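Inside the fold
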Amino acid sequence: MDQSFLLMLSNLLHLHNHLDPTTASLLSDASTASASATTSPTSPTSLLSSTSAAPLLFFTIASVLSYVASSRPSSSSSTSAAAAAAAAAAAAPPNPATTSSTSDYSVSAFRALSTEHIWAMEAPLRDAQWRSLYGLSYPVFTTVVDKLKPHIALSNLSLPSDYAVAMVLSRLSHGFSAKTLSSRYSLEPYLISKITNMVTRLLATKLYPEFIKIPVSRRRLHETTQAFEELTSLPNMCGAIDGSPVKIRNNSNPSHRCQYGFQSVLLQVVADHKKIFWDVCVRAPGGTDDATHLRDSLLYDRLTSGDIVWDKVINVRNHHVRPYIVGDWCYPLLSFLLNPFSTNGSGTPAQNLFDSALMKGRSVVVDAIGLLKGRWRILQDLNVGMNHAPQTIVACCVLHNLCQIAREPEPELWKEPEESGSPPRVLESEKQLYLFSDKLRQVLADDLHHRLSSR
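Attention here is on the structure that accompanies the text. (Residues numbered from 1 in each chain as written. Predicted model: local features only at pLDDT ≥ 70, side-chain atom pairs only at ≥ 80, totals over all residues. Heavy atoms only, no water.)

**Comments concerning helix α11 (residues 189-205)**
In this model α11 runs 24 Å from its N-terminal to its C-terminal C-alpha over 17 residues, within 8% of the 24 Å that 1.5 Å per residue would give. Residues Ile192, Ile195, Thr196, Asn197, Met198, Val199, Thr200, Leu202, Leu203 and Ala204 constitute the buried set of α11. Where α11 is buried, its residues touch α8 (138-153), α9 (161-174), α10 (178-185), α12 (208-211) and α17 (389-405). (Helix = DSSP H or I, 4+ residues; strand = E, 2+ residues; numbered from the N terminus. Expected span 1.5 Å × (residues − 1). Buried < 20%, exposed > 50% of the residue type's maximum accessible area, 1.4 Å probe, protein only. Contact = heavy atoms within 4.5 Å.)

Here it is, written out as structure tokens:
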């Protein structure tokens, strides 16, 4: 009903009260009328039982007016309804599925999540939530924060240390750009980049020595070689090496174009049986081959110079076998690095058996790289400046090791393209190492074939 009809109805009520004083309480306070609607003498039943003719006249006229009002289109009522709907829509809270409020990412919201709510949830649910937000569980997150906090404090950052670390971890785990995070956290993109660069630099420098270590201790070396022998039946293997191009943006330098056709920088890692990296190198553009990248690395210098000493020496058919790592045919054959005899199974039965065992050992580093890029998705399409690309990659490797050490659930593996390439040429400085390693490789192949065939 529109306002004009309500006005007429009000006038009729006044008229009725004047004609029949017994119903004068009809216009009393609305709350009183509603509370006594079932027992009041002014109810419709008592009105119709009145001895006066006024009630009948009143209801007759009201019925006619109600019919006229309801049958007449009213633009004012539709306008009022539209206005009411608009007001209700404006007053309604935003749909979280379509609108992401910056308040959800404020310091106070993070503080509530990390203090008040954290103990109200059971550990599995809590850690699942933190992994979805930051790529790792709450205990691992607090470990990272505790180790970085003293260094972040020296930077005079105006944001809380744990809040800054959480922001960077969300970027690394989801691959967000600085622009995306700036809209979420109400910070300028340059400030997001600055905080990202600071945290990744600290991870790559301060935490690297603690969480990425060459296995030189007797206990760890024995554990690693024993695990690889159980996996491959090859003795004294202590790691597997591989390279992976990390895609980068906004770079047109031809030297960064990798064999798969995109611009990248080259990552080289050595992993143990637990898929934990014990050496990481990011020194070459994506167009560099694996052998060249190895030869330019600090690991190569330390192993060829004897700076790294592995005490665990075993005897295989009267040959001293020191710990070694394995790689595919893209790497040179060296005293500390063994590769397959052939790429297509064209060797002898003993050689083919050795190649199969070696590639089984190499599979751990392939899976480790898949985990790295699956967990820290920024490495699938790196959106930081070229000057900060290496430290960002190394920082993700440090975080990967933290997750593996803590036995975090492994995400879906990132699938690398099938690798192709020809065996590298033998350098003059490597000829003696090559001859020694070729003989050692044959000894290991013959020993493996003899042991497995005699079972």
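**Thoughts on the environment of aspartate 146**
Examined against the element boundaries, aspartate 146 turns out to sit in helix α8. Remark: the alpha-carbon pair of aspartate 146 and aspartate 162, spanning 16 residues in sequence, is separated by 8.6 Å.

**A word on the side chain of threonine 200**
Within the fold, threonine 200 resides in helix α11. We classify threonine 200 as buried; its relative accessible area is 0%. At a separation of 2.8 Å, a polar atom in the side chain of threonine 200 contacts the main-chain carbonyl oxygen of threonine 196. Here asparagine 197 takes part through its backbone oxygen, which lies 3.2 Å from a polar atom of the side chain of threonine 200. Setting aside chain neighbours within four positions, we find threonine 200 in contact with Val168, Leu172, Gln391, Thr392 and Ala395. (Polar contact = N/O pair within 3.5 Å; in protein donor to acceptor, adjacent residues only side chain to side chain.)

**Section: the packing of aromatic side chains**
Following the criterion strictly, the structure yields nine aromatic pairs and no others. Between tryptophan 130 and tyrosine 134 the ring centres are 5.0 Å apart and the planes differ by 55°, which places this aromatic pair in the tilted class. Taken as a pair, tryptophan 130 and tyrosine 134 lie in helix α7 (residues 123-134) at a separation of four residues, close to a single helical turn. The interplanar angle of 70° and the centroid separation of 5.5 Å between the aromatic rings of phenylalanine 341 and phenylalanine 354 together place this pair among those described as edge-to-face. Residue phenylalanine 341 is located in the loop between β7 (337-338) and α16 (349-375), and its partner phenylalanine 354 is located in helix α16; the two are separated by 13 residues in the primary sequence. Both residues of the pair, phenylalanine 341 and phenylalanine 354, count as buried. In this structure an aromatic cluster arises from ring pairing among Trp130, Tyr134, Tyr138 and Phe141. Seen from the ring of phenylalanine 341, arginine 441 lies directly overhead, with NZ or CZ sitting 4.2 Å from the centre. (Phe/Tyr/Trp six-rings, centres within 6.5 Å; stacked < 30°, edge-to-face > 60°. Lys NZ or Arg CZ within 6 Å of the ring centre and 35° of its normal.)

**Notes on the side chain of aspartate 328**
Tracing the backbone shows aspartate 328 in the loop between β6 (324-326) and β7. A distance of 3.0 Å separates a polar atom in the side chain of aspartate 328 from the backbone nitrogen of cysteine 330. Looking at aspartate 328, its side chain comes within polar contact range of the side chain of arginine 362, at 3.2 Å. Non-local contacts of aspartate 328, meaning those with residues more than four positions away in its chain, are made with Asp242, Asn339, Pro340, Met359, Arg362 and Glu419.

**Re the pairing of strand β1 (residues 237-247)**
Along any regular strand, the residues point their side chains to alternate faces of the sheet. The buried fraction of β1 is high, at ten of eleven residues. Inspection of the sheet shows β1 paired to β6 by three bridges, in the parallel sense. Bridging from a neighbouring strand, alanine 240 pairs with valine 326 of β6. (Pairing = 2+ DSSP bridges.)

**Overview of helix α18 (residues 431-453)**
Because an α-helix completes one turn every 3.6 residues, residues spaced three or four positions apart along the sequence face the same direction. Taking 1.5 Å of rise per residue, the 23 residues of α18 would be expected to cover 33 Å, and the 33 Å separating its terminal C-alpha atoms lies within 8% of that figure. When we look at burial in α18, the residues that qualify are Ser437, Leu440, Arg441, Val443, Leu444, Ala445, Asp447 and Leu448.

**With respect to the packing of α16 against α17**
Where α16 contacts α17, the axes come no closer than 10 Å and their chain directions differ by 105°. For the element pair α16 / α17, the angle class is roughly perpendicular. Here Ala368, Leu371, Leu372 and Arg375 of α16 lie close against α17, whose contacting residues are Cys396, Cys397, His400, Cys403 and Gln404. (Axes fitted to C-alpha atoms, helices over the stretch in contact; angles between N-to-C directions. Parallel < 35°, antiparallel > 145°, perpendicular 65-115°, else oblique.)

**A few points about the pattern of salt bridges**
Applying the stated criterion to the full structure yields 16 salt bridges. Measuring nitrogen to oxygen at the nearest pair gives 3.0 Å for the salt bridge that ties glutamate 408 to arginine 131. Pair noted here: glutamate 408 is in the loop between α17 and α18 and arginine 131 is in helix α7, with a separation of 277 residues, a long-range link. Between aspartate 272 and arginine 220 there is a salt bridge, and its shortest N-O distance comes to 3.9 Å. Separated by 52 residues along the polypeptide, aspartate 272 in the loop between β2 (264-271) and β3 (277-285) and arginine 220 in helix α13 (residues 218-232) bring together distant segments of the chain. Each member of the pair, aspartate 272 together with arginine 220, is buried. One salt-bridge network, held together by shared partners, links Arg219, Glu223 and Lys274. (Salt bridge = Lys/Arg side-chain N within 4 Å of Asp/Glu carboxyl O.)

**Some points on the pairing of β2**
With eight of eight residues buried, β2 lies mostly within the body of the structure. Side chains Ser264, Leu266, Gln268 and Val270 project from β2 onto one buried face, and the interleaved Val265, Leu267, Val269 and Ala271 project onto a second face that is buried too. Sheet topology note: the β1/β2 ladder contains eight bridges and is antiparallel. By the bridge assignment for β2, alanine 240 is matched with alanine 271. When β2 meets β3, the two strands line up antiparallel, connected through six bridges. Note that in β3 the partner of leucine 266 across the bridge is alanine 284. With antiparallel pairing between neighbouring strands as the criterion, β2 and β3 make up a hairpin whose turn holds five residues, including lysine 275 at a positive phi of roughly 65°.

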